[in-house]
Amino acid sequence: MKGLLRLRDLSTEKIQEIIDYAEKLKGGYKVSYPDKRFATLFFENSTRTHYSFMSALMNLGIQVLDCNVSASSVQKGETLYDTVRTFESIGVDGVIIRHSKDGYYKELEGIKIPIFNAGDGASDHPTQSLLDLMTIYEEYGRFEGLKCCIVGDISHSRVAHTNIEIMERLGMKVYISGPEEFNDNSALFIPFDEAIKTMDIIMLLRVQFERHQEKMEMSVSEYHEKYGLTLERMNQMKDNAIIMHPAPINRGVEIASECAEAEKSRIYKQMTNGVYVRMAIISMELEGKL
Ligand code: CP
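Residues numbered from 1 in each chain as written. Predicted model: local features only at pLDDT ≥ 70, side-chain atom pairs only at ≥ 80, totals over all residues. Heavy atoms only, no water.

Another aspect to go through is the site of the ligand. Surrounding the ligand, one finds Ser46, Thr47, Arg48, Thr49, Arg98, His125, Gln128, Pro246 and Ala247. In the model, an oxygen atom of the ligand is placed 2.8 Å from a nitrogen or oxygen of the Thr47 main chain. Taking Arg98, its side chain carries an N or O atom lying 2.9 Å from an oxygen atom of the ligand. Within the complex, the protein chains bury 90% of what would otherwise be the 260 Å² of accessible surface of the ligand. Along the lines of polarity and charge, the residues of the shell around the ligand split into two nonpolar, five polar and two charged. (Near = heavy atom within 4 Å. Polar contact = N/O pair within 3.5 Å; in protein donor to acceptor, adjacent residues only side chain to side chain. Areas by Shrake-Rupley, 256 points an atom, 1.4 Å probe, with all protein chains shown as cover. Nonpolar A, V, L, I, M, F, W, Y, C, P; charged D, E, K, R; others polar.)

So, in structure tokens, the structure goes:
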């Protein structure tokens, strides 16, 4: 299948190439594909991924068909395969898809146009990881030896799962922290208050209530007290350490409002970089270089 479905399918050299190209685009390098047309299909809610993909497509001069899934024939029972096959048949050159089903793209064998995964279930979110990596690389100019702790709802997070695999492959030391009920042993566990003082990157996650089968054991105020990034905790971070979060953020739960806006926060830079990594992968795919 063409496009980008999982980051683990890309070599570390290719990932560095994507970041370097995204930086070039951020620096003003222009490339345009006015004869191309892409469709965005979001079967799950999204603000950042959906609209930064659209921004990326528009920046590349690509025409966008933004499929309103709730008003489409999906509601009449049309399958994912038949929906994508339809877009392919009407002349679309690529599709961006977010879906709640892990590995939804396995149903799309036979589709010839590129498919870009905008998040599947709790499995993968490749472009989120790319924008995270671009932001880290801008900060430190390297990956090797950096220490990152991902904190919070690890077990339901496609961001955590994608990031742990690629960060370890790039030579970073990755830890997880937060409530024991969300610990899926996908990386080495470290107590939050120890992580705060020793990490280069504290990456917070939203509690993903919509994916929970059972109610979380603690209240959100208890969560904030035990696992939230408060001003007091932020002040214990290393001088050059940074705060990241894929967002949406829940202010007052996993992060205090002041910390989201603090000098150490790279949360809004991550969003900006998302446009450029998405431009990079689409352009590279169209040039046969992905
Ligand atoms: N980070 C992220 O995937 O945000 P959205 O759900 O708003 O796209």
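Across the junction of Ala247 and Pro248, the peptide omega takes the value 10°, indicating a cis bond. Structurally, the position occupied by Pro248 is in the loop between strand 10 (242–244) and helix 9 (257–260). Positive phi values are uncommon outside glycine, yet Asn185 reaches one of about 60°. Within the secondary structure, Asn185 is located in the loop between strand 7 (173–177) and strand 8 (188–189). If you trace the backbone, Ala247 turns up in the loop between strand 10 and helix 9. (Helix = DSSP H or I, 4+ residues; strand = E, 2+ residues; numbered from the N terminus.)

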